[in-house]
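Residues per chain are reported as follows:
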Amino acid sequence: MTNRDYNWMRKAGLASSIGIMMVVSVVIGWLFGSWLDSKLGTAPWMMLIFTLMGIAAGFIEMIRIAIVLSKED
């Protein structure tokens with residue numbers, strides 16, 4: 001099989017990773033913020049800040065993947 005035959009599989013893999021990446025980035029931000037809150041006694045501020053940073057990182061990566069998928073033909 002040619003590389004062209006497998007191109008749709010690569011695109012499907014990239015597209016399916018978007019949902020997982022969004023969840024993982026938010027959970028990592030939330031866990032790290034909660035851990036910092038327990039160490040610094042700043043509850044809930046670090047958790048909120050790092051959760052928002054995780055959301056932002058997830059959206060940035062989602063946009064990057066969408067750009068890559070749209071450029072490939």
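The structure reproduced in this document is the subject of the present report. Please read all numbers here as calculations on a predicted model, not as lab measurements. (Residues numbered from 1 in each chain as written. Predicted model: local features only at pLDDT ≥ 70, side-chain atom pairs only at ≥ 80, totals over all residues. Heavy atoms only, no water.)

Overview of the side chain of threonine 51
Worth spelling out the cut-off: For the purposes of this entry, the term helix denotes a DSSP run of H or I that reaches at least four residues, the term strand denotes a run of E that reaches at least two, and both are numbered from the N terminus. Partly exposed residues are those whose accessible area sits between 20% and 50% of the maximum for their type, while under 20% is buried and over 50% is exposed, using a 1.4 Å probe and protein chains only. Throughout this description, a polar contact denotes any pair of N or O atoms lying within 3.5 Å of each other; where both atoms belong to protein, one of them has to be capable of donating a hydrogen while the other can accept it, and for residues adjacent in sequence the pair is counted only when both atoms sit in side chains. Every residue pair with non-hydrogen atoms within 4.5 Å of one another is taken to be in contact.
Residue position: threonine 51 is located in helix H2 (residues 45-71). Here threonine 51 falls in the buried class, since its relative accessible area comes to 18%. Only 2.6 Å separates the side chain of threonine 51 from the backbone oxygen of methionine 47, close enough to count as a polar contact. The residues contacting threonine 51, other than those within four sequence positions of it, are Val26, Gly29 and Trp30.

Observations regarding the nonpolar core
Defined as follows: Put simply, buried Ala, Val, Leu, Ile, Met, Phe, Trp, Tyr and Cys residues joined by side-chain atoms within 4.5 Å make one nonpolar core.
Listed in full, the five residues of the largest apolar core are Ile18, Met21, Met22, Ile65 and Leu69. Secondary structure elements with two or more residues in this core: helix H1 (3-40) and H2. For this core, the leading source of residues is H1, giving three residues. The residues touching methionine 21, leaving out its near neighbours within four places in the chain, are Gly58, Glu61, Met62 and Ile65.

A closer look at the environment of leucine 52
Note that leucine 52 resides in helix H2. Under the relative-accessibility criterion, leucine 52 is labelled exposed at 56%. It is 12 Å that separates the C-alpha atoms of leucine 52 and leucine 31, two residues lying 21 residues apart in sequence.

Let's talk about a nonpolar patch on the surface
What counts here: Each patch is built from salt-bridge-free residues with over 30% relative accessible area, joining like charges within 9 Å and nonpolar side chains (Val, Leu, Ile, Met, Phe, Trp, Tyr) within 5 Å. Computed with a 1.4 Å probe, the accessible areas rest on the Shrake-Rupley method; for each residue, only the protein chains presented here act as cover. The salt bridge definition used is simple: a Lys or Arg side-chain nitrogen within 4 Å of an Asp or Glu carboxyl oxygen.
A surface patch of nonpolar side chains, about 370 Å² in accessible area, is lined by Val23, Val27, Trp30 and Leu31. By the secondary structure assignment, leucine 31 is in helix H1. Given a relative accessible area of 47%, leucine 31 falls into the partly exposed group.

Describing the packing of aromatic side chains
Let me state the cut-off plainly: When the centres of two rings from Phe, Tyr and Trp lie within 6.5 Å, Trp using its six-membered ring, the rings pair. Their planes under 30 degrees apart give stacked, over 60 give edge-to-face, and anything left gives tilted.
This structure, assessed with the given rule, holds two aromatic pairs. Ring centres of phenylalanine 32 and phenylalanine 50 lie 4.9 Å apart, and the angle between their planes is 85 degrees; on these two criteria the pair is classed as edge-to-face. Taken together, the positions of phenylalanine 32 in helix H1 and phenylalanine 50 in helix H2 put the pair 18 residues apart, joining distant regions of the chain. Accessibility expressed as a relative area gives 19% for phenylalanine 50, which makes it buried. An aromatic cluster of three or more residues is present, and its members are Phe32, Trp35 and Phe50.

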